[in-house]
Amino acid sequence: MRAFANAVVSLAPPPLMVAIVFSIAYLVVGIPVHFTRGIASRDVLGTLAGIFASLVYITLVVGF
């Protein structure tokens, strides 16, 4: 697991990687939800997906 964490952390500086992970999670969740549930759901669920994905990345960085 430490090798995986080192590989992930070496891709980019942590603040940049958190921004990238947040953006990808928002797009992966936000855009499909926009078409299925509407604009308000996209903002709420997409933002939550981005926040939780970024928290997972932060935990990975801090934990290892």
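Report follows, based on the coordinates.

Parameters and conventions
Residues numbered from 1 in each chain as written. Predicted model: local features only at pLDDT ≥ 70, side-chain atom pairs only at ≥ 80, totals over all residues. Heavy atoms only, no water. Helix = DSSP H or I, 4+ residues; strand = E, 2+ residues; numbered from the N terminus. Buried < 20%, exposed > 50% of the residue type's maximum accessible area, 1.4 Å probe, protein only. Contact = heavy atoms within 4.5 Å. Areas by Shrake-Rupley, 256 points an atom, 1.4 Å probe, with all protein chains shown as cover. Expected span 1.5 Å × (residues − 1). Bend = angle between axes of the 7 residues up to and from the residue.

1. Observations concerning the overall build of the protein
Phase 1: Broken down by element type, the protein carries three helices and zero strands.
Phase 2: Reading the protein from its N end, one meets helices and strands in the order α-α-α.
Phase 3: Overall size of the protein, expressed as C-alpha extent along the three principal axes, is 40 × 15 × 15 Å.
Phase 4: Classification of the 64 residues of the protein by burial places 23% in the buried group.
Phase 5: Excluding contacts between residues fewer than 6 apart, the proportion of contacts in the protein whose partners are at least 24 apart in sequence is 63%.
Phase 6: Of the roughly 4,200 Å² of accessible surface on the protein, 78% is carried by carbon and sulfur atoms.

2. With respect to helix α2 (residues 14-37)
Phase 1: Taking 1.5 Å per residue as the helical rise, α2 with its 24 residues ought to reach 34 Å, and the 33 Å between its terminal C-alpha atoms agrees with that figure.
Phase 2: Along its length, α2 reaches its greatest deviation from straightness, about 25 degrees, at L27.
Phase 3: Among all positions of α2, only M17, V21, A25, Y26, G30 and V33 are buried.
Phase 4: Close packing links the buried residues of α2 with α3 (39-63).
Phase 5: Phi turns positive one or two residues past the end of α2, at G38, with a value near 110 degrees.

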